Amino acid sequence: MKGEGKMLFKSKMKWVGLVGLILSIFSILVHLFLARFTEDGVSDYQSSITIFSWRPIYETLDPSRTSPLYRRLWGPVKPLESLHPDASPRGYYADPSLQTNGFLFVRIQGGFHEIRNSVPDVVVVARLLNATLVIPEIQSTTSSKGISSQFKSFAYLYNEDQFMAALAKDINIVKTLPKNLKGARRKKEIPVFRVPYAASPYYYLHHVLPVLTKHSVVELVVSDGGCLQGDCLIMLYMVDFQATLPLHLEEYQRLRCRVAFHALRFRQEVQELATKVLHRLRAPGRPFIAFDPGMTRDALAYFALPKDVHTELIQHKRSWMIKRRIVKGKLSVNSEELRLNGSCPLMPEEVGILLRAYGYTWDTTIYVSGGEVFGGQRTLIPLHAMFENVIDRTSLSTGWELSRIYGREDNLNGNYPVTPPSVEEVKVEAWKTAGPRPRPLPPPPARPKSYNIEGWWGWVAESDNEPESTVIELRTNAHKLLWEAIDYVICVEADVFIPGFDRDGKGHPNFASLVMGHRLYQLAASKTYRPDRREVVKLLEETRDHLYQANHTWLMSIRKQLRRSLLDGLTEASTRSKPLSFLSHPVPECSCLRHDPNETSRNASSPVNSQLDSALGTVQHCPVWMDNEIISRSKDKENEEDLDEDDSSASGLFFRHSGGNHETGGGEINKEEAQLEDQDELEGGE
């Protein structure tokens, strides 16, 4: 009996130990699951175990936010502080009519900036024609591209429900066509218009509207990033007034702003990841610069042919554009002449030199945006050499976070294209099977070629025709929309933004232009450099042989140029970019000026206000409730301006490293010059 009791006790202990082991394993699994999928704590957990490739390195002290140096590098642009977003209707604005002329179905083709620029135009056209808008289609098929069927068409990038709710008082909008019209569209029985870029309202009122009223539905195909004149007010005044046109024509422009800046919100998964990346970027507690290179293959083919191993790819694209009359001219262009003329993008190295010359230290955080940087990471090597903390979205997100926004996609590992054998391999194989000996010697090996044909661009050396995109390439192009959506959020919220280029492959405003327009609307005073590329290249050429040991005079010229670009760039945008894309410069129609009671009457005629009038136009004063908001902060603003009078530490050397490993150049700027420099900035560079 004693032995049986002992055996029973051991058996119970085994079961207790087994249960304890199972509970321990279960507890570990629960902790791992919560750490991975808890929305609130995931970023802190991931940062604590250092799963990201970026580890910020800071050795210089972060200047106080009240110091003149901080405000010169990161502070707001004082002349623009009174500019406030105001896209609400002014005066009488009728609700959409319940009885419409028919359904407007739209297919939008292109990249991120082309889609974002086209959607507001489509909404304006729908209101102009009194049509019911069907949610635009931006991804016609998902299975052929290998994209997840979880997110289709418009919902792949944007939040459909938010879009419809925000525009409920502007247009009639539905998710899909009625069943009978769906069938007619599948049978290609509805009229289709391939809309030209920047078509005038006259085109829609005299060509599209009669067909719409006759068939109750039309389909528009928009492919060039915009289907309505950027400055459509001018064109509307030229149209014969009809009952369909409202009295206040500026409301069309404000409608564009409401669409772009309020209705177009990214779908929840994309917005959440963008917010997390932004949170991780700000986690060290320091401001950061967002830089968009704008170096796409299309843009380089349109303007210049850089002399490197990728020249043949650019030449092929330019040849394709010339055949289709997209561009005029010869295949070979004088790229150096175009560069001196300001028609080429600023290289990352040149942007890095500008920022260092302006005073940003080597440990400043720079976020590089863009779904494509033509030439790869090697073009960013000089920028990495000047700034320690150069990062992008891949450094601040994980694979599983990105896969979540992609959705459930099929595995395409087995669908990669098989590289066809070369001509030499075919000849050698034929020689081996050419019958009994004796036979001729095998063909000699091919002569080495002067260019590298390895990789995805190898087709250039073998054929003049660019191959069809594979499924994996189509999927990657779709993913670029999501990557650029993340970059867009970060660039808009950045403390400082600087573009390398503001045109796309067709010469239209690009991703950077839309970012600058959004920043101008949302927070006009945020630092957004719009460098004059012609002047910058001229300054760089002046000291090309001593670029990294620049003298004091050259440094002051660079700083003056960048400081002036904060306001002078607005004037150029209003004359060049706005007629092509209203969203790149949505003022004065979508903004208002807040009245500061402490401003004296003499300031109204100051050079700064004159410069603002030429850059922004006549801006309406804000409603009274906005003026009341600024009165409570007027005293603090005065104190800030007093502190900005003295900036003896704002100079900084061109290349100074705390450890002494980097080259240095230039000299200290005395206190009197620093005060003059800050006074220039206070007056807007005049």
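Residues numbered from 1 in each chain as written. Predicted model: local features only at pLDDT ≥ 70, side-chain atom pairs only at ≥ 80, totals over all residues. Heavy atoms only, no water.

In the nomenclature of an unreviewed UniProt entry, the protein chain corresponds to O-fucosyltransferase family protein from the organism Acer yangbiense. UniProt, in its Pathway (unreviewed entry) section for the protein chain, records the words "Glycan metabolism." Annotation of the protein chain in UniProt includes, under Subcellular location (unreviewed entry), the sentence "Membrane". (UniProt positions renumbered as here; feature names shortened; annotations may be inferred.)

Next up on the list: the overall build of the protein chain. Of regular secondary structure, the protein chain possesses 26 helices and 13 strands. Buried positions account for 49% of the 686 residues belonging to the protein chain. Across the protein chain, the fraction of contacts at a sequence separation of at least 24, relative to all contacts at a separation of at least 6, is 80%. Accessible surface computed for the protein chain: about 34600 Å², of which carbon and sulfur atoms make up 55%. (Helix = DSSP H or I, 4+ residues; strand = E, 2+ residues; numbered from the N terminus. Buried < 20%, exposed > 50% of the residue type's maximum accessible area, 1.4 Å probe, protein only. Contact = heavy atoms within 4.5 Å. Areas by Shrake-Rupley, 256 points an atom, 1.4 Å probe, with all protein chains shown as cover.)

So, on to the packing of helix H19 (residues 471-493) against helix H20 (residues 511-522). Between H19 and H20, the shortest axis-to-axis distance is 9 Å and the interhelical angle comes to 40°. The pairing of H19 with H20 is recorded here as oblique in orientation. The crossing of H19 and H20 is right-handed. Across from Glu-484, Asp-487, Tyr-488, Cys-491, Val-492 and Glu-493 in H19, the residues of H20 making contact are Phe-511, Leu-514, Val-515, His-518, Arg-519 and Gln-522. Its residues placed into classes, the contact of H19 with H20 shows six nonpolar, two polar and four charged. (Axes fitted to C-alpha atoms, helices over the stretch in contact; angles between N-to-C directions. Parallel < 35°, antiparallel > 145°, perpendicular 65-115°, else oblique. Left-handed = near helix turned anticlockwise from the far one by under 90°. Nonpolar A, V, L, I, M, F, W, Y, C, P; charged D, E, K, R; others polar.)

With that out of the way, let us pick up the packing of aromatic side chains. Tallied over the entire structure, the rule returns 13 aromatic pairs. Considering the side-chain rings of Phe-154 and Tyr-158, the 5.4 Å spacing of their centres and the 35° angle between planes classify their relative orientation as tilted. Consider the rings of Tyr-488 and Phe-511, whose centres lie 6.0 Å apart with planes at 80°: the pair is edge-to-face. Highlighted residues: Tyr-488 in helix H19 and Phe-511 in helix H20, separated in sequence by 23 residues. Grouped by ring-pair contacts, the aromatic residues Phe-112, Phe-154, Tyr-158, Phe-163, Phe-266, Tyr-488 and Phe-511 constitute a single cluster. Across the ring face of Tyr-358, the terminal group of Arg-72 is positioned such that the distance to the ring centre comes to 5.4 Å. Here the basic side chain of Arg-356 rests over the ring of Phe-387, its NZ or CZ set 5.7 Å away from the ring centre. (Phe/Tyr/Trp six-rings, centres within 6.5 Å; stacked < 30°, edge-to-face > 60°. Lys NZ or Arg CZ within 6 Å of the ring centre and 35° of its normal.)

Turning our attention to the nonpolar core. Counting residues in each nonpolar core, the largest one holds 89 residues, and the members touching the most others are Phe-163 and Tyr-204. A per-element tally of this core places H19 first, with 11 residues. Taken together, domain 1 (103-265) and domain 2 (269-295 + 345-405 + 470-587) each give at least three residues to this core, which thus spans both. Other than its neighbours up to four places away in sequence, Tyr-204 contacts Val-125, Leu-128, Leu-129, Val-195, Ala-199, Leu-209, Leu-220, Cys-227 and Leu-228. (Core = buried A, V, L, I, M, F, W, Y, C linked by side-chain atoms within 4.5 Å. Domains from an automatic or database assignment.)

On to a nonpolar patch on the surface, then. A grouping of Trp-15, Leu-18, Leu-21, Ile-22, Ile-25 and Leu-29 is seen on the molecular surface, where their side chains present a nonpolar patch of about 640 Å² in accessible area. Relative to the assigned elements, Leu-21 resides in helix H1 (residues 2-37). (Patch = residues over 30% accessible without salt bridge, like charges linked within 9 Å, V, L, I, M, F, W, Y side chains within 5 Å. Salt bridge = Lys/Arg side-chain N within 4 Å of Asp/Glu carboxyl O.)

With that settled, the discussion passes to the sheet that holds strand E13 (residues 620-621). Taken together, the three strands give an open sheet; going across it, the order is E1-E12-E13, and neighbouring strands pair in mixed fashion. Lying at the two open borders of the sheet, with one neighbouring strand each, are strand E1 (83-85) and E13. Strand direction decides the pairing type here: E1 and strand E12 (residues 591-593), joined by three bridges, are antiparallel. Residue Pro-85 lies in a different strand from E12, and its bridge partner there is Ser-591. (Pairing = 2+ DSSP bridges.)

Moving on, we come to unusual backbone geometry. Of note, the amide linkage connecting Val-587 to Pro-588 takes the cis form, showing an omega dihedral of 5°. If you trace the backbone, Pro-588 turns up in the loop between helix H22 (552-577) and E12. One non-glycine residue with positive phi stands out, namely Asn-130, at about 55°. Taking the relative accessible area as the measure of exposure, Asn-130 reaches 25% and is therefore partly exposed.

Quick look at H22 now. Note on helix geometry: an α-helix contains 3.6 residues per turn, so any two residues three or four positions apart are oriented the same way. The axis of H22 is deflected most strongly, by about 55°, at Leu-566. The distance from a side-chain oxygen at the start of H22 to the backbone nitrogen of Thr-553 is 3.3 Å, and the residue carrying that oxygen is Asn-551. (Bend = angle between axes of the 7 residues up to and from the residue. Polar contact = N/O pair within 3.5 Å; in protein donor to acceptor, adjacent residues only side chain to side chain.)

Glancing now at the pattern of salt bridges. Taken as a whole and assessed by the stated rule, the structure comprises 22 salt bridges. In this structure, the salt-bridge partner of Glu-251 is Arg-254, at a minimum N-O distance of 3.1 Å. With Glu-251 and Arg-254 both in helix H9 (residues 251-263) and three residues apart, the pair spans about one turn of that helix. Like Arg-254, Glu-251 is buried. One continuous salt-bridge network, built from bridges that share partners, spans Arg-107, Glu-137, Arg-185 and Glu-219.

Take the state of the cysteines next. Enumeration according to the criterion identifies two disulfides in this entry. Residue Cys-592 pairs covalently with Cys-622 via a disulfide, S to S 2.0 Å. With the S-S dihedral at roughly 90°, the linkage between Cys-592 and Cys-622 falls on the right-handed side. Of this pair, Cys-592 sits in strand E12 while Cys-622 sits in the loop between E13 and helix H24 (624-631); the two residues are 30 residues apart in sequence, bridging distant segments of the chain. When sorted by exposure, Cys-592 lands in the same class as Cys-622, which is buried. When the bonded cysteines of the protein chain are counted from the start of the sequence, the pairing works out to 1-2, 3-4. (Disulfide = S-S within 2.5 Å.)

With respect to burial, helix H14 (residues 348-358) is a largely interior element, 10 of its 11 residues being buried. Along H14, the residues that are buried comprise Pro-348, Glu-350, Val-351, Gly-352, Ile-353, Leu-354, Leu-355, Arg-356, Ala-357 and Tyr-358. At the C-terminal side of H14, Gly-359 shows a positive phi close to 130°.

This part is about the sheet that holds strand E10 (residues 496-499). Read from one edge to the other, the open sheet built from five strands follows the order E9-E8-E7-E10-E11, with strand pairing classed as parallel. Whereas interior strands pair on both sides, the edge strands pair on one side only; in this sheet they are strand E9 (389-391) and strand E11 (527-528). Pairing of strand E7 (residues 288-292) with E10, which is carried by four bridges, proceeds in the parallel orientation. Looking at E10, one finds that Ala-290 is bridged to Phe-497. Relative to E10, H20 is tilted by about 150°, and along the sheet it contacts E7, E10 and E11.

Right, let's get into the environment of Val-125. Within the element layout of this structure, Val-125 appears in helix H4 (residues 112-128). Sequence separation of Val-125 and Tyr-252 is 127 residues, and the distance between their C-alpha atoms is 9.3 Å.

Looking at the element boundaries, Gln-271 is found in helix H10 (residues 268-282). Sequence-wise, Gln-271 and Val-489 are 218 residues apart; in three dimensions their C-alpha atoms are separated by 8.1 Å. Not counting chain neighbours up to four residues away, the residues in contact with Gln-271 comprise Phe-266 and Val-489.

Mapped onto the elements, His-552 comes out in helix H22. Taking the C-alpha atoms as reference points, His-552 and Ala-357, separated by 195 residues in sequence, lie 9.9 Å from one another.

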